[in-house]
Amino acid sequence: MSNYIFGKKQPPHKRWAVAWYNPFVLYRSIKEMLSTNDQIRNLDRREMYSPEFTLIQVAEDTRDGDFWWDFVSDTGDGGNATFTVAREMQKAFLTPKVCSDLKLKDPLPERFPTGELLVLGGDLAYPGASVEEYQYRLTEMWVAASSNPDMQSHRDTLKPSLVIPQNHDWFDNISTFTRYFIDTRPKQNELAFMSAETEPDITPLGTRKLQKQSYFAARLPNRWVILGFDFALVGDIDRQQFAAFFALFNSGKITPEDNLILLYPEPYWTRHLGDDARDGYPKRYQRLEALMLKLGCRIRMRLAGDIHHYARETAKADHQFQYDDMLITSGGGGAFLHPTHTKNVNTVKAMSLVDEDQAMTADLRERVRIGIATSDENTVRRYQDKTFYPRKRDSRALLLENVVSFFRSTAHIGKQLRACNTRAEHAKVFWGAVVQGNVMFSVLLGSLLMAAIMTESLWPGLIIVLMFLGICKESSNATAVIGGLAGGLLVIFVEYCLTNAPLLEGSEWWRIGISKTLVFLFCFILAGLFTGVLFSLFSLVGYLPNNAFSPLGYEGFKSFIRFRIDAEGNLHGYVWGTDDVPRYWIENPDAHQPVWIEKDKRKAEWQIKDIFILRK
Ligand SMILES: [Fe+2]
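Residues numbered from 1 in each chain as written. Predicted model: local features only at pLDDT ≥ 70, side-chain atom pairs only at ≥ 80, totals over all residues.

Visitor: Looking at this structure, I do not really get the pairing of strand β19 (residues 571–578). What am I missing?
Guide: A regular strand places its side chains on the two faces of the sheet in alternate fashion. In terms of burial, β19 is a largely internal element, seven of the eight residues being buried. When strand β18 (residues 558–565) meets β19, the two strands line up antiparallel, connected through eight bridges. Bridged to arginine 562 within β19 is tyrosine 574. Following β18, the chain reverses through five residues before pairing antiparallel with β19; glycine 569 in that reversal takes a positive phi of roughly 90°. (Buried ≥ 20, exposed ≤ 12 C-beta atoms within 10 Å, placed from the backbone. Helix = DSSP H or I, 4+ residues; strand = E, 2+ residues; numbered from the N terminus. Pairing = 2+ DSSP bridges.)

Visitor: Quick question: what am I supposed to make of the nonpolar core here?
Guide: The tendency in soluble globular proteins is for nonpolar side chains to be buried side by side. In this structure, Val119, Leu220, Ile226, Phe229, Leu263 and Leu449 are the most contacted members of the largest nonpolar core, which totals 146 residues. Ranked by residue count, the leading element in this core is helix α15 (residues 509–540), at eight residues. Two domains each provide a minimum of three residues to this core, namely domain 1 (20–396 + 562–614) and domain 2 (402–548). Those residues in contact with leucine 220 that sit more than four places away from it in its chain are Val58, Ala59, Phe67, Trp69, Val225, Ile226 and Ile565. (Core = buried A, V, L, I, M, F, W, Y, C linked by C-beta atoms within 7 Å. Domains from an automatic or database assignment. Contact = placed C-beta atoms within 7 Å.)

Visitor: Explain the environment of leucine 469 to me, please; I cannot follow it from the model alone.
Guide: Position of leucine 469 relative to the elements: it lies in helix α13 (residues 459–472). Sequence separation between leucine 469 and valine 481 is 12 residues, and the spatial gap between their C-alpha atoms is 6.2 Å. Once residues within four sequence positions are removed from consideration, leucine 469 is found in contact with Ala480, Gly483, Gly484 and Gly487.

Visitor: Teacher, can you tell me more about the packing of helix α12 (residues 439–454) against α13 here?
Guide: Helix-helix packing: each pair is described by the crossing angle between the helix axes and the interaxial distance. Orientation of α12 relative to α13, taken along the N-to-C sense of each, is 145°, at an axis distance of 7 Å. Judged by residue contacts, Leu445, Leu448, Leu449, Ala451 and Ala452 of α12 engage Pro460, Gly461, Ile463 and Ile464 from α13. Here the contact of α12 with α13 is composed, by residue class, of eight nonpolar, one polar and no charged. (Axes fitted to C-alpha atoms, helices over the stretch in contact; angles between N-to-C directions. Nonpolar A, V, L, I, M, F, W, Y, C, P; charged D, E, K, R; others polar.)

Visitor: Looking at this structure, how should I read the packing of α12 against helix α14 (residues 477–498)?
Guide: Between α12 and α14, whose axes approach to 10 Å, the crossing angle comes to 55°. In terms of axis orientation, α12 runs oblique to α14. Like other packed secondary-structure pairs, α12 and α14 cross with a definite hand, here right-handed. From α12, Leu449, Ala452 and Ile453 reach across to α14, where they touch Val491, Val494, Glu495 and Leu498. Looking at the contact of α12 with α14 residue by residue, the class counts come to six nonpolar, no polar and one charged. (Parallel < 35°, antiparallel > 145°, perpendicular 65-115°, else oblique. Left-handed = near helix turned anticlockwise from the far one by under 90°.)

Visitor: Looking at this structure, how should I read the sheet that holds strand β16 (residues 381–383)?
Guide: Across a sheet, paired strands are connected by hydrogen bonds in the backbone, their directions being either parallel or antiparallel. Pairing in this open sheet of three strands is antiparallel, and the strands run β15-β14-β16 from one edge to the other. Of all the strands in the sheet, just β15 (366–372) and β16 have a single pairing partner and so form its edges. Across the sheet, the mean angle separating the axes of adjacent strands is 25° when strand polarity is ignored. Sheet topology places strand β14 (residues 349–355) next to β15; seven bridges connect them, and they run antiparallel. Bridging from a neighbouring strand, lysine 349 pairs with isoleucine 372 of β15.

Visitor: Where do I start with the pairing of strand β6 (residues 160–163) in this structure?
Guide: Pairing of strand β5 (residues 117–120) with β6 involves three bridges; the strand directions are parallel. When the sheet's bridge partners are listed, leucine 120 is paired in β6 with valine 163. Pairing of β6 with strand β7 (residues 208–209), which is carried by two bridges, proceeds in the parallel orientation. Considered in β7, the bridge of proline 160 is made with arginine 208.

Listed below in structure tokens is the structure:
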């Protein structure tokens, strides 16, 4: 646990965004991921939930008016972004303001009321799930941002929520997520033994729990059904989950008259077509989608967070599918930005329906595959229309900042330093930003480079090569080789520059001390700059969408989706976004809630960045 300060004395700007290249963060994340992976392999916690799986009734079947609901995902990172999004989403209503490059086809509603249902797409706290991270980065931000946090006195009128976990929620084997978002009450008469922290029916966000599992199926008004899946850390649903959804379709609870929204923990369609499932042995979610199509059900939208931007790709109705359907990635709820100019986003996605006659049993024959297709693959549907937020030019423009990201803090401490009253406070903020920042990666890499020169050992150089190779493997083996070679060239270059440098000559202690300091500074600066330039170049040509862009820890371009199902059964989506978020907050002088207001020239300018409609 970090030395977090909780409560009202800790405004959003002091809750610094996670610096992903900080060696301590990397170590912790890898350790937690390996540990959970090990547990899942031996005993999958998803199979420990109640096997009783029902179609949740969120509201009435038919409504003669609008049903509004909200979706947000990837929330609890830096306080500035998370608080800004949480405050906007919890306003009683929003008045429309439309982005200048958006062309309106239909008149907009006069007001956009907050949703009657809150759907959360996971990755709710970073860097990994724990009670402290949820509390510090999500719950306190959400409660403090509310205009009416007095939730306990209005228990009966709380809006419901439906939630799925993503990989970061799984870092504690979904322990905190289960406690906070799943109604695990075994029997009513055991409620008396629950503590206040484990509210049996209310989430820490003040919403009502509806689900008994980490996945859900729910009926919305006017023939819309939303299914939320849990992939844990294995990229697929488990056997019990498959059986649970299968039974809903087989029993006729969901029919071809329903329009389906599939909420996934990851936008699997940004990967290669088929998602690396082997021939003859499809993934379970691919088989489930095949079953849905076989029964004549209409999958209108595949929705996911995980990637921290907004991207919508649409396939138009054709002879085989008499309806439009969409792939939507929407992970802009608070976490650091992912770029929209990279290949994983821009390459056209396609659908392929494969009947594998060599599969051993009939149930393994059919699968639905959506993803990035190579030209020789047999596809039936293409997702051509694309909309992004941020726009590609804005995404690419951030690469200049990315070059120096290994020397910058994700904490934005300028104003925090000026607000310090004593030197001790000043030093504490500055030192904290250094120790918790990405600059520690430059320190680590610089130290390894120095060790490569000062010792006879090959190990430091080899470690550097392997580090770059591992980081650059995100896109392909080819990018991994290029990254590894670049790391090797860095080591050779430093060896060439410093092996016979005159600075290292002389035996006096002070001369040696100065020489070593200068050598370290050279290695440190070169390491940080080299990595920043290398990553920015990779990103510029469209590769390493996460690893090359995450050092920036960019807090802007946040978004969420407000949905409306109208009386005719059409689904409207309104994507609200802000390019920037405030970076300094003071106590609210006018009201108890929200707890803080911004005092910064950077403002949140919320606008509708995309509008879409899926007709019934
Ligand atoms: Fe995420």
